[in-house]
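# Analysis of the macromolecular model
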Amino acid sequence: MARETDLDKLRHSTAHVMAEAVLELFPDAQIAIGPSIENGFYYDFELPRALTQEDLDVITENMKAIMKEGKPFIRKEVSRDEAREFFADQKYKLELLDAIPEGEVVTMYNQGKFTDLCRGPHVESTKDLVPEGFKLLNIAGAYWRGSEKNQMLTRIYGTAWTSGKDLRAYLDHLADIEKRDHRKLGKELDLFSLHEEAGPGLVYWHPRGARIRLAIEDFWRNEHYKNGYEMVYTPHVGKSWLWETSGHLGFYKEGMYPPMEMDNVDYYAKPMNCPFHIMIYQNGKRSYRDLPFRWAELGTVYRYEKAGALHGLLRVRGFTQDDAHLFVTPDQMDEEIMEVLRFSLYMLHSFGFKDIHAYISTQPEKSVGEKEKWDAATEALKRAVEKEGLEYDIDEGGGAFYGPKIDLKIKDAIGREWQLSTVQFDFNLPERFDLTFVDKDGVEKRPYMIHRALLGSIERFFGVLVEHYAGAFPPWLSPDQIAIIPVAAVAYDYAKDLEKKFRAEGFRVVNDLSDDRMNAKIRKAQKMKIPYMLIIGEKEMANGQVSVRYRTGKQVNGVDVDAFIAEVKEKVENKEQI
RNA sequence: GCCCUUGUAGCUCAGUAGGUAGAGCACCACCAUGGUAAGGUGGGGGUCGUCGGUUCAAAUCCGCUCGAGGGCUCCA
């Protein structure tokens, strides 16, 4: 167990004080566990009734009072019997006690009226805690010991810092996260919607969202061609034998939409694209001269995610993977892995993600395929990651049963990690579908198969992008790149000319000819986070110019139209933010 | 699936101790033609998520159900 930092100690001790305060309110409460966590702490209780916000206020006041009293935290080593007797009416503590290995010292910590079974460490006294530096945040349900078979407890989450200033900074950070929420911005910027009445977890892309998606997809397709991929399109449903052969019906059935029967055969909506790409592979006798195949598809798949797991665009039931499958000979493996990783990084960088961390997952206990293959593939993954100079962690035994993999996690603008790219070896499907290629020596051999997704799923990636940019997309992605804002009706003809000109240049333009006042038009464009606003009136008309107001608030008046076009083009081409 | 919270006009939200619904924005109409974040006036729009119960009377109380949010679990 890692040594606890001072902040961990503070948080853990604050959790104990919270438990004391809760027991003051509910003397009969059963207490479970209360550790420190990132940014705070929690404690789980079994309570006689549901908590309200008022309860939290009372608990908070109790806690502050306890902190002011300055009660020492006292550590005490006890025998198991002593502990068992002390916690006779605390069933969870008794269970925890039983789980402590024989021979390990049992310790209890006391402060004021509260004593907990706890290995510590804690601060010296409750007066070392910071009344103005903590806040109880929310109430949630949590299973005892994290198992859904067990009793659901009430968990109170809190945050704690060494000063009121740090607390405020953290609360500001939480507010920032809320402002960036892609569900909120998706509504405000009119990007997408979800309709429970039409099916939970299924996404509707509005025109403005679709424009962003198309910009992403166009870029994605072009880059794939440049990197030697071919595009394929495959069906959305397939007969059950495909999924029996692939093993999905065996291992993954509860994650699939239920079957549709037609002509006495069950059809399933695809949860993955692999079997379909394999069908294309199977369509002919393959030679080593043909390999590698790199087949990519923006393939829409359907998976049954539990209702409680659905979350905006980040967790949905129908989504589009930016999928590709590589069929390679064993001696092409190294080179192909290098290329896939390089390509992944290039894509992520293009979208403004610079901070990238790799995770390599190796052979688990239960797996298919020979050990030599696993080792060779794992080594290839490591070599690739090292060659790109990426920091990486190894998750020993964390691979899927069918092969090792690399996952790439990016950090967004406010430091949150998201897993996007994944590159996975598959020793299973080539076997199950009996894939072969004819090698130089005329012998049929098994190809290697690599699954990879660079962005993950378009929906999820889009959600991450919205939060990363807080809705202020760089011009190349922005749904509207330019807003034309004529000051008065006299400038409408000029506005229309400009609009035509910009469209001819390939820009996405909105021309605001409404009878709003200019100020209102600016406000609207600003709220839609349009990067360039062009204010035009008599002055600009006379000189064939535009006045540019940037989303950032900067203004430049009297700009020649061609100079403006060149400026925007450069930003778009370089995928730069303004 | 489980726990807690929650569901009132397109959106954001008010609705005090139960007496048959309000605001702002958006939308429509008219007036106003305006130089860097909301011009004015008027208007249309809701069976208060669904079903059932208590009551003379329910958006307000109770039950069921369907969603959503925060968690837990799950994510081969």
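Scroll up a little and you will see the structure.
Attention in this report is confined to the structure presented alongside it. (Residues numbered from 1 in each chain as written. Chains lettered and ligands numbered in written order. Predicted model: local features only at pLDDT ≥ 70, side-chain atom pairs only at ≥ 80, totals over all residues. Heavy atoms only, no water.)

A word on the overall build of chain A. Per the secondary structure count, chain A includes 18 helices and 28 strands. Its C-alpha atoms give chain A principal-axis dimensions of roughly 85 × 75 × 50 Å. Scored against the burial criterion, the 578 residues of chain A give a buried share of 51%. If you take every contact in chain A between residues at least 6 apart in sequence, the share linking residues at least 24 apart comes to 70%. As displayed, chain A has an accessible area near 27,700 Å², and 49% of this comes from carbon and sulfur atoms. Between the mean site of the 79 positive side-chain charges and the mean site of the 95 negative ones, chain A shows a separation of 3 Å. (Helix = DSSP H or I, 4+ residues; strand = E, 2+ residues; numbered from the N terminus. Buried < 20%, exposed > 50% of the residue type's maximum accessible area, 1.4 Å probe, protein only. Contact = heavy atoms within 4.5 Å. Areas by Shrake-Rupley, 256 points an atom, 1.4 Å probe, with all protein chains shown as cover. Lys, Arg positive; Asp, Glu negative; His and termini not counted. Charge placed at Lys NZ, Arg CZ, Asp CG, Glu CD.)

Here we take up helix α10 (residues 274-281). For α10, the tally of buried residues reaches six of eight residues, placing the bulk of the element in the interior. If you check which residues of α10 are buried, you get C274, P275, F276, H277, I278 and Y281.

Once that is clear, we can look at the nonpolar core. Counting residues in each nonpolar core, the largest one holds 66 residues, and the members touching the most others are F351, F462 and L477. Looking at this core element by element, the count peaks at nine residues for helix α11 (residues 333-350). I66, F114, L129 and I156 belong to the second largest nonpolar core, which has 29 residues in total. (Core = buried A, V, L, I, M, F, W, Y, C linked by side-chain atoms within 4.5 Å.)

Taken together, 43 residues are adjacent to RNA strand B, and Y143, M152, M272, V487 and Q555 come closest. Here a sugar or linking oxygen of RNA strand B sits 3.0 Å away from a polar atom, N or O, in the side chain of R517. Within the backbone of E538, a nitrogen or oxygen atom sits 3.1 Å from a base oxygen of RNA strand B. Those elements giving two or more residues to the surface near RNA strand B turn out to be β7 (134-143), β8 (152-160), α6 (182-188), α16 (518-527), α17 (538-543), β27 (545-550) and β28 (555-560). In the surface near RNA strand B, the residues fall into 18 nonpolar, 12 polar and 13 charged. (Near = heavy atom within 4 Å. Polar contact = N/O pair within 3.5 Å; in protein donor to acceptor, adjacent residues only side chain to side chain. Nonpolar A, V, L, I, M, F, W, Y, C, P; charged D, E, K, R; others polar.)

What follows covers the layout of surface pockets. Taking a probe equal in size to a water molecule and rolling it over the atoms shows the remaining empty space. Taken as a whole, the largest pocket holds about 1,100 Å³ of empty space. Lining the largest pocket are 39 residues, with M272, R303, Q321, Y402 and Q424 sitting closest to its centre. Of all the elements in the fold, those that place two or more residues in the lining of the largest pocket are α9 (248-251), β16 (318-328), β19 (405-411), β20 (417-426), β23 (448-457) and α14 (458-469). For the lining of the largest pocket, the residue count by class is 15 nonpolar, 13 polar and 11 charged. (1 Å grid on protein atoms, 1.4 Å probe; cavity = no way out; pocket = protein on both sides within 12 Å on 5 of 7 lines; lining within 4 Å. Points joined across faces, edges and corners; volume = space filled by probe spheres on them.)

A sheet is described by the order of its strands in space; here three strands give the open sequence β4-β5-β6, paired in antiparallel fashion. Looking at strand neighbours, the two that pair on one side only are β4 (74-78) and β6 (114-117), the edges of this open sheet. Shown here is a sheet whose adjacent strand axes are inclined to one another by a mean of 25°, direction ignored. Where β4 meets strand β5 (residues 106-111), five bridges bridge the pair, whose relative direction is antiparallel. Note on β5: the bridge partner recorded for V78 is V106. (Pairing = 2+ DSSP bridges. Axes fitted to C-alpha atoms, helices over the stretch in contact; angles between N-to-C directions.)

Quick look at the sheet that holds strand β12 (residues 237-239) now. Strand order in the open sheet formed by three strands is β12-β14-β13, and the pairing between neighbours is antiparallel. The sheet is open, and its two edges are formed by β12 and β13 (260-262), each paired on a single side. Here the average twist between neighbouring strands, direction ignored, is 35°. Pairing between β12 and strand β14 (residues 265-269): three bridges, direction antiparallel. Of the residues in β14, the one forming a bridge with V237 is A269.

On to unusual backbone geometry, then. P292 follows L291 through a cis peptide bond whose omega is 0°. One can find P292 in the loop between α10 and β15 (293-302). Even without being a glycine, D434 presents a positive backbone phi close to 55°. Inspection of the secondary structure puts D434 in the loop between α13 (429-432) and β21 (437-438). Here D434 falls in the partly exposed class, since its relative accessible area comes to 48%.

So, about the pattern of salt bridges. According to the stated counting rule, one finds 38 salt bridges in the structure shown. The salt bridge involving D181 is made with R183; its shortest N-O contact spans 2.5 Å. Across the pair K569 and E505 runs a salt bridge whose closest N-O atoms are separated by 2.7 Å. Of this pair, K569 sits in helix α18 (residues 561-574) while E505 sits in the loop between α15 (492-504) and β25 (509-511), and the two are 64 residues apart along the sequence. Each member of the salt-bridge network shares a partner with another, and the members are R213, E217, D218, R221 and E459. (Salt bridge = Lys/Arg side-chain N within 4 Å of Asp/Glu carboxyl O.)

Within the secondary structure layout, S79 lies in the loop between β4 and α3 (80-86). The class for S79 is partly exposed, based on a relative accessible area of 33%. For the pair S79 and V105, spaced 26 residues apart in sequence, the C-alpha to C-alpha distance is 7.9 Å.

A separate point is the pairing of β27. Each regular strand carries side chains that alternate between the two faces of the sheet. For β27, the buried fraction is high: five of the six residues fall into the buried class. Across four bridges, β27 lies against β28 in antiparallel orientation. Residue V548 lies in a different strand from β28, and its bridge partner there is V556.

Turning to its location among the elements, S421 is positioned in strand β20. By relative accessible area, which is 1% here, S421 ends up buried. Here the side chain of S421 touches L454 through a polar contact of 2.6 Å, landing on its backbone oxygen.

Turning to the packing of aromatic side chains, a few remarks are in order. This model, assessed by the stated rule, comprises 31 aromatic pairs. Centroid distance F502 to F564: 5.8 Å. Interplanar angle 65°. Geometry classified as edge-to-face. In this pair, F502 sits in helix α15 while F564 sits in helix α18, placing the two residues 62 residues apart along the sequence. In this pair, the class of F502 matches that of F564, namely buried. Pairwise contacts between aromatic rings join F219, Y346, F351, F353, F461 and W476 into one cluster. The ring of Y42 carries the charged tip of R155 above its face, separated from the ring centre by 3.6 Å. Above the plane of the ring of Y281 lies R286, whose end atom (NZ or CZ) is 5.6 Å from the centre. (Phe/Tyr/Trp six-rings, centres within 6.5 Å; stacked < 30°, edge-to-face > 60°. Lys NZ or Arg CZ within 6 Å of the ring centre and 35° of its normal.)

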